[in-house]
Each structure stands twice: as C-alpha cells, then as structure tokens.
Amino acid sequence: MKPPPATGPLTRREFVRSTSALAASALASRLAAAPPDADPFSSPIPAAPPADTHPFLTPAADFEDVSRGNPKPFTLTGDALTAARLTPATWRLEVTADPTVDAVVKFPASVARPLTLADGTALDLPALEDLGRKKGVRFIKAMQCLNIPTPLGQGLWEGVPLRDVLALCGTISNVRRICYWGFHTNDPEQLFRSSLSYSQAMETPPGDLPPFLAYRLNGEPIPLLRGGPVRMVIPWAHGFKSVKWLQHLSLTNDFRANDTYAIANNDTESPLKTAAYLDDLAKRYPAGQSVSIGGLVISGWSGLKRVEYGLRRLENGAPASPDGDAAWNGIPWQPCRIAPPPADWRRILPKDVPARDVLGFDAQTGQPSTWPLRYSMVTWSATLKDLAPGHYEVGARAVDLNGFAQPEPRPVQKAGRNPIQTARFEIA
Ligand SMILES: Nc1nc2c(c(=O)[nH]1)N[C@H]1C(S)=C(S)[C@@H](COP(=O)(O)O)O[C@H]1N2
Ligand SMILES: [Mo]
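Residues numbered from 1 in each chain as written. Chains lettered and ligands numbered in written order. Predicted model: local features only at pLDDT ≥ 70, side-chain atom pairs only at ≥ 80, totals over all residues. Heavy atoms only, no water.

Description of the environment of tryptophan 91
With respect to the element layout, tryptophan 91 can be found in the loop between α3 (78–83) and β1 (92–97). With a relative accessible area of 0%, tryptophan 91 lands in the buried category. Taking the C-alpha atoms as reference points, tryptophan 91 and tryptophan 245, separated by 154 residues in sequence, lie 9.1 Å from one another. A polar contact of 2.7 Å, which involves the side chain of tryptophan 91, links it to the backbone oxygen of leucine 246. (Helix = DSSP H or I, 4+ residues; strand = E, 2+ residues; numbered from the N terminus. Buried < 20%, exposed > 50% of the residue type's maximum accessible area, 1.4 Å probe, protein only. Polar contact = N/O pair within 3.5 Å; in protein donor to acceptor, adjacent residues only side chain to side chain.)

Some details on the nonpolar core
Counting residues in each nonpolar core, the largest one holds 59 residues, and the members touching the most others are Leu93, Leu128, Trp157, Val165, Leu246 and Leu249. Counting residues per element, this core draws most heavily on strand β9 (residues 212–217), which supplies 5 residues. Counting residues in hydrophobic clusters, the runner-up holds 34 residues, among them Ile293, Leu349, Trp380 and Tyr392. (Core = buried A, V, L, I, M, F, W, Y, C linked by side-chain atoms within 4.5 Å.)

Quick notes on the side chain of arginine 177
By secondary structure assignment, the location of arginine 177 is in strand β7 (residues 177–182). In this structure the side chain of arginine 177 is engaged in a polar contact, spanning 3.1 Å, whose partner is the side chain of serine 195.

Some remarks on empty space enclosed by the protein
Enumeration over the complete set of coordinates arrives at 1 cavity of 30 Å³ or more. The space that makes up the largest cavity amounts to roughly 350 Å³. Taken together, 29 residues make up the lining of the largest cavity; nearest its centre are Val66, Ser67, Phe192, Ser242 and Lys244. Looking at the lining of the largest cavity residue by residue, the class counts come to 15 nonpolar, 8 polar and 6 charged. (1 Å grid on protein atoms, 1.4 Å probe; cavity = no way out; pocket = protein on both sides within 12 Å on 5 of 7 lines; lining within 4 Å. Points joined across faces, edges and corners; volume = space filled by probe spheres on them. Nonpolar A, V, L, I, M, F, W, Y, C, P; charged D, E, K, R; others polar.)

Things to note about the layout of surface pockets
As a volume, the second largest pocket reaches approximately 340 Å³. As for the second largest pocket, its lining consists of 23 residues, and the residues nearest its centre are His54, Pro55, Phe56, Thr58 and Leu296. Those elements that provide at least two residues to the lining of the second largest pocket are β5 (153–161) and β19 (377–384). For the lining of the second largest pocket, the leading source of residues is β19, giving 3 residues. Broken down by class, the residue content of the lining of the second largest pocket amounts to 14 nonpolar, 6 polar and 3 charged.

Structural notes on the site of ligand 1
Lining the immediate environment of ligand 1, one finds 18 residues, of which Glu64, Arg68, Arg226, Arg231 and Lys244 sit closest. A distance of 2.5 Å separates an oxygen atom of ligand 1 from a polar atom in the side chain of lysine 244. Of all the cavities here, the one that holds ligand 1 is the largest cavity. Broken down by class, the residue content of the shell around ligand 1 amounts to 9 nonpolar, 3 polar and 6 charged. (Near = heavy atom within 4 Å. Sits in = over half its atoms within 2 Å of the grid points.)

Details of the packing of aromatic side chains
Considering all chains together, one arrives at 10 aromatic pairs under this definition. Between the aromatic rings of phenylalanine 56 and tryptophan 345, the centroid separation amounts to 5.3 Å while the plane-to-plane angle is 75°, which identifies the pairing as edge-to-face. Taken together, the residues phenylalanine 56 in the loop between α2 (27–33) and α3 and tryptophan 345 in the loop between β18 (337–338) and β19 connect sequence positions 289 residues apart. This pair shows no difference in class: phenylalanine 56 is buried, exactly as tryptophan 345 is. When the ring of phenylalanine 56 is compared with that of tryptophan 371, the centres are 6.3 Å apart and the planes differ by 15°; the resulting orientation is stacked. (Phe/Tyr/Trp six-rings, centres within 6.5 Å; stacked < 30°, edge-to-face > 60°.)

Thoughts on the sheet that holds strand β20 (residues 390–399)
Spatial ordering of the open sheet is given by β14-β21-β20-β16-β17, a layout of 5 strands whose pairing is mixed. In the strand order of this sheet, the two ends are held by β14 (284–285) and β17 (333–335), each with one partner. The pairing of strand β16 (residues 306–314) with β20 spans 9 bridges and is antiparallel. From the neighbouring strand, valine 307 faces β20, where its bridge partner is alanine 398. (Pairing = 2+ DSSP bridges.)

Note that every value here comes from positions in space, so none of it alone points to a role or purpose.
Rendered as structure tokens:
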C-alpha cells in the first residue's frame with residue numbers, strides 16, 4: 001500500500017481555494033505553474049454543499065464544475081448564445097470524415113453520408129430526440145474528474161447511443177477512432193475534445209454500457225451550465241471524455257487518442273477508478289462521544305468489494321508524525337457500512353422514469369443488477385467508539401472486486417487521482 005501523502009489530501013474547502021486561484025490565471029500559465037496533479041481546466045467551483053448532504057442524484061446546478069473557455073460557454077446569452085448554436089432551436093451536430101493522411105496514417109477516412117451545416121444535413125435536436133424515442137438509453141453516472149480527489153456529482157443521463165447516430169451516416173471506411181468536441185470560441189486554444197476507438201463506440205460488452213449523446217439530466221433538458229443542449233456521456237470514463245456542448249463528431253483513421261486531456265499529461269484511456277472519499281471531520285470531539293465518519297465511494301471499472309477505515313493514534317497530542325508506510329503498516333483496516341439501495345426508487349428517480357428502464361437495473365424486477373450500480377457512487381459510513389482522549393488520524397480506502405486496496409493498482413495519479421484520504425481529530 002502506498003502511504004497517504006505527507007500533508008494529507010486537500011479538503012474540499014482547500015481544494016476550492018486552490019482551484020479558484022488556478023482559474024484566475026491564463027491557461028498557459030496554469031499549465032506551467034500548476035502542480036503536476038492539478039487540473040489545468042478547473043474553474044472556480046461554487047461553494048460546496050455541506051459535506052453531510054449527499055443526495056443520490058445531484059441537482060444539475062449543484063455539480064462541481066470543470067470547464068475551460070473564456071468566456072465559458074455557459075455564460076453566453078442572447079445573440080452570442082444563438083450564434084454559438086447552444087439553444088435547443090439552434091443546436092446542430094456535424095458528423096464528418098477526417099481527410100488527413102501523414103507518415104503513419106496512410107489512408108483517409110471516408111463516410112457515405114456526412115452530416116454538415118453547409119449541406120443543411122446536420123442533425124438537430126428534434127431529430128436526436130426522435131431517435132431517442134426508439135433507441136434511447138438512461139443511465140446513472142458518477143461524474144469524476146481524473147485530476148480532482150472529490151466526486152463532482154451524480155446524474156441520471158438520458159440520450160441516444162453513439163452507434164445509432166453513426167448509423168445515420170451510412171457506410172464508413174478507414175475509421176479507427178471517433179473524435180468529438182464541443183462548442184468553443186474561434187480560439188483553437190479553447191477547443192475541448194476527446195475520443196473513443198471505433199469498437200468502443202459501436203460495441204458494448206454484456207453488462208457494460210454504451211457511450212451516448214445525452215439530452216436529458218435528472219428528467220429535465222440538460223441545462224447550459226451542465227453542457228446542454230447535448231452532451232456526450234461515456235459511462236466508464238472520467239469526466240473529460242464526457243464533452244459538454246457537443247457539436248462535432250469526426251471519424252478519423254488516426255489511431256492515436258488526441259484528447260485535450262492528453263496534453264495535461266493524463267492517461268486518456270484509464271477508466272473510472274474505484275475509490276472512497278472521506279468527508280471533512282470536526283477537529284475536536286468530546287470524550288465519551290462516538291465519532292461518525294463517512295463519505296462517498298465510486299464503483300469504478302473494477303467494481304467495489306468494500307470500504308475500509310484505518311485509525312491510528314498520534315503520539316501524545318504532538319503534531320502528527322510524517323505519514324509513511326511505517327506509520328500505517330500494521331494498522332488494522334476495518335469494514336465500513338455501504339448505503340443499501342433505496343427502498344423505493346420512485347422517490348429517487350424522476351416521475352416518468354421507471355427503474356426497470358434505467359441501464360444497470362433488472363428489466364423485470366426494477367432492482368439494481370449490481371450494488372453499487374456500475375460507475376455510480378453511494379455513501380459509506382462508520383462509527384468510531386470508545387476512543388481515549390488524544391490525537392488521531394483516520395483514513396479510508398476502497399477495495400475493488402480484484403482485491404486491490406486504493407490507490408492500487410493505480411499509484412500513478414495521472415491515471416485517476418485517488419490517494420487514500422485522511423483526516424485528523426482530537427478527543428478531548
Ligand atoms: N466542452 C467541454 N466539455 C468538458 C470540459 C470542458 O472544459 N469543455 N471539461 C471536462 C472535464 S475535465 C470534466 S471533469 C467534466 C466535468 O463535468 P461537470 O462540469 O458537469 O461536473 O466535463 C468535461 N467536459
Ligand atoms: Mo476533468
């Protein structure tokens with residue numbers, strides 16, 4: 001097990017402060033100045049909700065926001081919003097073939113029926129919704145930035161599988177990747193794009209979930225703030241694959257992932273990491289009172305077996321000794337409680353959405369096929385009792401279905417930031 005970092009992870013509040021500071025500077029200087037594991041595209045985050053409130057579905061406005069752009073697309077209004085084609089009436093999706101050939105890409109991609117603004121064939125929102133009535137999917141996903149050790153929110157997303165949109169374009173050849181991007185100004189610096197392999201777009205293994213073009217969130221049209229009118233949602237991936245303000249699909253024969261996140265030194269193909277997150281604790285608890293700890297846990301690509309906490313006493317109330325393997329070695333890890341499925345999904349889901357129609361739920365029983373649902377998050381908790389007066393440190397970690405305890409098997413944080421989160425408190 002890798003030791004927790006010497007200073008402990010950023011608390012939610014510290015994180016908000018640090019990202020606000022980052023957002024104040026230009027992207028170039030952010031890239032230069034940011035610590036290697038900071039998110040260069042973070043924006044100031046609205047005040048976080050109190051740590052003890054984790055509704056199963058996060059209201060659209062309460063997600064923590066990670067958006068680049070100057071101005072950010074969600075701040076546009078009036079004519080600028082219309083010109084950007086970010087209203088339901090003006091939104092269009094173009095699907096084109098990338099003609100590029102170079103030293104390693106020998107043949108250009110081609111598509112029989114591209115969808116373009118110039119020809120008047122670009123897809124509009126009524127046509128996408130119409131497709132959705134026949135082919136639509138719904139799915140609950142935890143949105144989590146690869147670079148930020150706090151989940152951003154969880155939504156019920158609804159839309160059309162990418163493969164059904166690609167099917168509109170007829171025969172395609174020499175296509176190895178689908179590259180896609182959202183609205184940005186004419187400044188190429190602001191482009192935010194991501195990509196999938198052709199097979200990831202077209203084929204879904206049993207029990208897994210298809211990438212889709214979403215137009216509803218929590219039973220409502222996706223608000224501009226969350227990437228509407230249409231946002232890509234990649235169920236198994238970190239947030240950077242779920243491009244907001246989606247407007248272009250480019251079918252390319254270039255086999256290399258050209259995601260914007262690659263330039264920030266991230267592993268663009270690492271799927272959502274199974275990881276536990278610890279809510280802030282009070283600094284001091286009266287002797288004799290139990291201490292409740294808890295937070296969120298994401299069931300990522302490798303599923304979730306359990307959440308555990310470790311507790312260690314810090315010597316004599318002195319400042320905490322530096323963390324390290326030695327300090328945590330031999331600390332017994334104890335199982336935590338994971339919130340069970342809600343007794344009545346009708347209280348959680350929008351009125352017109354039966355649980356059996358949501359991917360990941362059994363179509364007959366309307367109950368989740370796995371718990372937690374794949375790529376979703378739930379709360380966990382534990383109660384620490386009978387602690388003698390003194391100083392303590394507690395840490396929490398997730399164990400995946402392969403038996404790996406966080407941050408294993410991804411000690412490389414650019415594959416998904418998931419350090420063991422710790423908190424210190426005193427019993428007095
Ligand atoms: N167009 C666009 N889409 C984007 C981004 C962006 O900057 N521009 N940021 C991405 C990143 S890095 C993350 S983590 C998620 C965050 O989603 P949220 O703001 O809805 O929480 O959006 C992704 N989609
Ligand atoms: Mo991100």
